Every structure is written in structure tokens, then in C-alpha cells.
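Residues per chain, in single letters:
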Amino acid sequence: MMTLDQLNAAGEDALVALLDGIYEHSPWIARRAFAARPADGFASLAALKHALARVVREASVDEQLGLIRAHPELAGKAMVAKTLTAESTNEQRTAGLTDCSPEEFARLQQLNADYNARFGWPFILAVRGPRGLGLTRHQIIDTFARRLNAHPDIERAECLRNIHRIAEIRLNDKFGITPTLGNQVWDWAESLARFSDPGFAENGQLTVLYLTDAHRAAAAQLADWMRECGFDEVGIDAVGNVVGVYHGTDADAPRLLTGSHYDTVRNGGKYDGRLGILVPMACVRELHRQGRRLRHGLEVVGFSEEEGQRYKATFLGSSALVGRFDPTWLDQADADGVVLRDLMREAGLPATMDAIQALRRDPARYLGFIEVHIEQGPVLNELDLPLGIVTSINGSIRYVGELRGLASHAGTTPMDRRRDAAAAVAELILYVEERAGAVPEVVGTVGQLQVPNGSINVIPGRCRFSLDLRATTDEARDALDADVRARLAAICERRGLSFTLERTEAAAAAPSDPAWQARWEQAVAALGLPAHRMPSGAGHDAMKLHQAMPQAMLFQRGLNLGISHNPLEAISNDDTELCVQAFQALLDRL
């Protein structure tokens, strides 16, 4: 087995020899990493991985394509001829590609041919997968077929990401490293995903809406795992939050609060929200195994509802903890007419405001709130970074609107006499894109468009649309809002249209507490990684806790270009290992 000391003591040729086989037939990567090696060497294996990935990211496109083309096809001619490198042979064997049925082999050969014809390079997939145990042939073929339709720029980036994952697993093998903590979190998430609502479970999809049977089963499972981890107190509160407490040595010292949500969107992913429950659980498990306690107690909350999928009661679970539970929520009915109050009582919850208000936490008894979450975006992927520190959770304003013009004949109405509602919304979309893009960390989206009763030969007389405006500060959000509304009015005035605009949501920005953000930065730096700071464009439970106490978040990279709220949402065991280690480092510094 190789050691980091051995690698750091090596000269250039020796280092290249030690890293032979990590990147397929590409010793130039190790040479450039040597040239950029810090004077005191690579601080950690994570730092080495990042340095190698950075060399590839900063290489020319031709060099990147050369690296991709240095890899063999999956189940291709080199495998049949047994001319693969030892590393590639092991990986393709682990995934069972050496045991393909004739039909599977023929399908892979056709996919290889189609892929090469489209992109001009071989398909690259880390076939040992996010857990390192190997993907199934079915998973490989499905991924192959899906990525065949990608844009070349996106697919080149995906190939490089998979090459880095292959290199990461090979480095783990060379160093004798097993990401045990990451594996535990990954396994918990996989197991928790077995609970899914009817209509989705049968199709292999994950959907867990508030207080369904699957939701209650997931809560019970989390509570059982917390007990097994060694939490001193575990319970399910009046709104269905799962709460675990690991006591500190000083009963009078304030606790640290952490957690995230365990409900999901429809046909969602396994890690959104749940990662923020399972990572601190793994930390408590390790503390308990070591017989250690911190001075401060740690309280982990699995929030019962955050997504607003079944009722219009987004952040229901965390709202109760800050005393912001809206009493009118109890009288809401879902799409099937089930009233929330009745549902809660059926689930054994009291469904009274007295019981819910009793859940409010006293901020004086807490150090603050921290949350770990999957990024849900592509930034960390593009930077080849496993972790990022959140600087602020974006404030947002949302609208639904409608423009009204005149529905008239598409053939007989001259272009200068049209009152086209859809064309006006298209103009607004382009302005939103231009205006938001001109300011850092500001985003704007028109995500819904509808032409009621539209016809191919009729100029749209009506067009419905949505607006989602976000920024890291309320000032920037409000400035964007004012400019977009002014431009909408101007467009309608010029085109002779009328409009309605209804605000449906407004959420204040939640900047991270500087002291807690600094603690996350120190924890990530302790792993030998750059402390990358970034805003969160999505909302999180931390937004609600921000109303009562200091908060700060840590992001973990998602795979598949950071896709989230989607079955393709994924994490790796190695990234999760680093996330748990960062959480542990933060706790140790308390």
C-alpha cells in the first residue's frame, strides 16, 4: 500500500511511477500535479485527488479529449482481446461486463458504435459506481442510452467527471482506504428509500408525502437508527419531526441544533434533505462508539415536511420549532379532500395549536443551527470540489401572471397589427434572462407557460406564465423584482396588451452567520480542501431556523451534473466520507 508520506517524498519520476494507472495512459497529469505540489506536500488524499482533477480541468480541450480517448470502450474490442490495463480489467469484471449475455453484449456494441459516431470518443462510466461495489449491467446500459442524447459539451464534462471518479477509486485501492462513514450514510439513504407512496413505489420511484404510511414508516426507521447510534433521547414530536438528542457533559451548556427534512418531492431523489439527518447521525454513532461526549449537547431533527407537496404548508416541520406554524394550515385539505387536522389525529398526533406551540425552541438554549445538504446544482461538479460553504440562502419572490391581447387569424393579421400575448411573454423571458445575468448571484426564471385554447393558426390572445426571482440579498432581489415588473408594464404598453400579476410567495434571504460560516470553512480546510464559498439558490429548513438563531450550511456535491428533485440525484461514498469528517471537525472545535 502507498502512503501519503511516501508520495510527498518522491521526486517527479518516482511520483509519476507511483501514480501509474490512476489516469489511463496519461502520465502528464501526474507530472503537472507534481509541478504544482505545495512545498510541504499534499495535505491529504483528498487534496491529492483535487490537485489531479484541477490539472485536467485546466488542461486544453484537446488534452481533455486525449484523456477521454485513452480509455477503452465498455465491453469493447480491448476487453474481448484481453488487452485492457489491469485496472480497467478489474473494473469491467466487477460490473459483470465480462459475463454479458449475447443480447447485452450486442446492445453494448451498438451503443458504443452510436456513441462514437455522435461524439467521436468512447463512452466513459465509473462502473464501480457511487458506492464502489459495481453498477449492474442494466444500470450501465440505461446510463449509456440516456447520455447518448446529451449535448457534446455536457457529455465531455460527464466523461471527465467519471474519469475522476475512476481515479478516486483507484487511489483508494492504492492507499488501502475504505470510506466507512460514507458507506454507512449511503447505505442508510438507500435503505430509507424503500419507503415510498403507492402509485410511485410500484414503478421504482421515491415519493414520501406528509404523514402517508411511507412517511410514518420512514420516521419510525430514523428513530430506530438514532437509538442504535446511541442517542440519549429519541422521539417523534407533535408535527412528526424525528428528534434525537446526544447529551453533552455540561447540562447547562447550550445545544447545537442540526438536521434537515425526510419528506420528498414526487419522484424525487434519495439524498435531498435526508443527507442532513444521516450525516450528524453518523457523527453521533462515532462519538458513542468511542465513549466520547462533547461539552455541548447535539440535537438532530429530521423535519417532517419541507417540500410543500401535499399541503400548502411549506417548512411545516421547521416552522413549528421557531413558533411560526400557521394555525390556518390545520384546516387545509389535500387533493383528496383530507383535512390536515384530521390526518394528524389519524397519525396519533395531537393536532392542537397548544401542542404545536410547545415545540418552539428557546434560542437562548442553542448555539445555533447548522445543516448539511446536497448542492442541487452543477457548481461543485464544475470545480471538482466535494464540499462548498454556503454564504447565504437566496431570498425569493414568485408570481403567476397572465397577459391578454387579441386572438386573431394567423394568416390574415399583418405583423404590425398583432396583439400577441405569447410573443410579449417571450420578450419578458429574454429580459429576465438578461437582467438577472447582469448581476452576480441573482437568478430569474419563467418556468411555466400556457396558451389557453391555443391553436396552430391563431395568434395567442392569452398567455399565462410564472416568475421566480431570487438573490442572495433582499435588496438585490427587490431591485430585480422592480425592474422586471416595470419592463412587463412597458412591454404591454408598447404592444397594446393588459396583464395581471399575482404574488404567490416572498421569502427573505438568509445570510449565513459569519462565525458559523467560518467554522465550516475551518472544518473543510482541515481536510486539505479549498474552502469554496457559494450561495444557495434553493430554500432549506435553515431559512426558517434563521428566524430564531444563527445558521450556516455546508453543501455536498451531487453527481450527474448536480441534478436534484429527480431519480438521477446521486452522491458518492467518498464525498460523503469527507462531509462526515467535516462535520466531525466542526464538532471537535466546539
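The present account deals with the structure reproduced in this document. (Residues numbered from 1 in each chain as written. Predicted model: local features only at pLDDT ≥ 70, side-chain atom pairs only at ≥ 80, totals over all residues. Heavy atoms only, no water.)

## Details of helix 22 (residues 573–588)
Inference 1: Taking 1.5 Å of rise per residue, the 16 residues of helix 22 would be expected to cover 22 Å, and the 22 Å separating its terminal C-alpha atoms lies within 8% of that figure.
Inference 2: In terms of burial, helix 22 is largely enclosed, as 13 of its 16 residues are buried. (Helix = DSSP H or I, 4+ residues; strand = E, 2+ residues; numbered from the N terminus. Expected span 1.5 Å × (residues − 1). Buried < 20%, exposed > 50% of the residue type's maximum accessible area, 1.4 Å probe, protein only.)

## Focus: the pattern of salt bridges
Inference 1: The tally for this structure, following the rule as stated, stands at 43 salt bridges.
Inference 2: Ionic pairing is found between Asp481 and Arg503, a salt bridge with its closest N-O pair at 3.5 Å. A residue pair is termed long-range when its members are at least 10 positions apart, and Asp481 in helix 19 (residues 474–495) and Arg503 in strand 11 (residues 498–507) qualify at 22 residues.
Inference 3: What makes Asp481 buried here is its relative accessible area of 3%.
Inference 4: Accessibility expressed as a relative area gives 46% for Arg503, which makes it partly exposed. (Salt bridge = Lys/Arg side-chain N within 4 Å of Asp/Glu carboxyl O.)

## Considerations on the nonpolar core
Nonpolar side chains in soluble globular proteins tend to be buried together.
Inference 1: Formed by 56 residues in total, the largest nonpolar core has its most connected members in Leu222, Met281, Trp520 and Leu554.
Inference 2: Residue contributions to this core peak at nine residues, all from helix 13 (residues 275–289).
Inference 3: In this structure Leu554 touches Glu371, Val372, His373, Leu387, Gly388, Ile389, Trp520, Val524, Cys579 and Ala582, once residues within four positions along its chain are discounted.
Inference 4: Membership of the second largest hydrophobic core comes to 51 residues, among which are Val56, Leu67, Leu111 and Leu148. (Core = buried A, V, L, I, M, F, W, Y, C linked by side-chain atoms within 4.5 Å. Contact = heavy atoms within 4.5 Å.)

## Examining the packing of helix 8 (residues 102–119) against helix 10 (residues 152–175)
Each packed pair of helices is defined by two parameters, the angle between the axes and the distance between the axes.
Inference 1: Contact geometry of helix 8 with helix 10 gives a least axis separation of 11 Å together with a crossing angle of 120°. In terms of orientation, helix 8 lies oblique with respect to helix 10. Contacts between helix 8 and helix 10 involve Tyr115, Arg118 and Phe119 from the former and Pro152, Glu155 and Cys159 from the latter.
Inference 2: Partitioned by chemical class, the residues of the contact of helix 8 with helix 10 number four nonpolar, no polar and two charged. (Axes fitted to C-alpha atoms, helices over the stretch in contact; angles between N-to-C directions. Parallel < 35°, antiparallel > 145°, perpendicular 65-115°, else oblique. Nonpolar A, V, L, I, M, F, W, Y, C, P; charged D, E, K, R; others polar.)

## Quick look at the environment of Ala489
Inference 1: Secondary-structure assignment places Ala489 in helix 19.
Inference 2: Note: C-alpha distance between Ala489 and Phe499 (ten residues apart in sequence) is 8.0 Å.

## Some thoughts on the packing of aromatic side chains
Each aromatic ring pair is characterised by the separation of its centres together with the angle its planes make.
Inference 1: Inspection of every chain in the model, using the stated rule, returns nine aromatic pairs.
Inference 2: On the numbers, 4.6 Å between centres and 50° between planes, the contact of Tyr115 with Phe119 is tilted. With Tyr115 and Phe119 both in helix 8, this residue pair falls four residues apart, about one helical turn. You'll find Tyr115 and Phe119 in the same group, each marked buried.
Inference 3: Here Tyr115 and Phe123 contribute two aromatic rings whose centre-to-centre distance is 5.4 Å and whose plane-to-plane angle is 75°, an arrangement assigned as edge-to-face. As far as the burial class goes, Tyr115 and Phe123 line up, both buried.
Inference 4: Ring-pair connections join several aromatic residues into one group, and the members of that group are Tyr115, Phe119, Trp121, Phe123 and Phe144. (Phe/Tyr/Trp six-rings, centres within 6.5 Å; stacked < 30°, edge-to-face > 60°.)

## Some words on helix 18 (residues 421–437)
Three or four residues apart is the spacing at which side chains of an α-helix point the same way, because the helix has 3.6 residues per turn.
Inference 1: The end-to-end C-alpha distance of helix 18, which contains 17 residues, comes to 24 Å, matching closely the 24 Å that a straight helix rising 1.5 Å per residue would cover.
Inference 2: Within helix 18, burial applies to Ala421, Ala424, Val425, Leu428, Tyr431, Val432, Arg435 and Ala436. An end-on view of helix 18 places all buried positions within 115° of arc, on one side of the element. Seen from the open side of helix 18, the exposed residues pointing more than 90 degrees away from its buried face are Leu430, Glu433, Glu434 and Gly437.
Inference 3: On the buried face of helix 18, the contacting elements are strand 7 (395–404), strand 8 (442–445), strand 9 (449–450), strand 10 (462–471) and helix 19.
Inference 4: Two or three places before Ala422, at the opening of helix 18, Asp420 has a side-chain oxygen 3.0 Å from that residue's backbone nitrogen. (Arc of directions from axis to C-beta. Polar contact = N/O pair within 3.5 Å; in protein donor to acceptor, adjacent residues only side chain to side chain.)

## Some points on the environment of Gly302
Inference 1: Along the chain, the position of Gly302 falls in strand 4 (residues 298–303).
Inference 2: Put simply, Gly302 and His25 are 277 residues apart on the chain and 46 Å apart in space, counted from C-alpha to C-alpha.
Inference 3: Not counting chain neighbours up to four residues away, the residues in contact with Gly302 comprise Gly240, Asn241, Val242, Ser260, Tyr262 and Ile277.

## What to know about the pairing of strand 5 (residues 366–374)
Inference 1: Burial of strand 5 is extensive: eight of the nine residues sit out of reach of the surface.
Inference 2: In the sheet, strand 3 (residues 255–261) pairs with strand 5 via four bridges, with the strands oriented parallel. Bridging across to strand 5, Leu257 finds its partner in Phe369.
Inference 3: The pairing of strand 5 with strand 14 (residues 551–556) spans six bridges and is classified as parallel. Within strand 14, the position partnered with His373 by the bridge is Phe555. (Pairing = 2+ DSSP bridges.)

## Observations concerning the pairing of strand 4
Inference 1: Of all six residues in strand 4, six are buried; the element is thus mostly enclosed.
Inference 2: Going residue by residue along strand 4, you find Leu298, Val300 and Gly302 tucked away on one face and Glu299, Val301 and Phe303 tucked away on the opposite face as well.
Inference 3: Looking at chain direction, strand 2 (residues 242–246) and strand 4 are connected through five bridges and run antiparallel. Across the sheet, the residue bridging to Gly244 is Val300, located in strand 4.
Inference 4: As paired strands, strand 3 and strand 4 are joined by six bridges and run parallel to one another. In the sheet register, Gly259 faces strand 4, and the bridge partner there is Val301.
Inference 5: Following the backbone out of strand 3, through helix 13 and into the adjacent parallel strand 4, one traces a crossover that is right-handed. (Right-handed = clockwise from strand over helix to strand, strands pointing away.)

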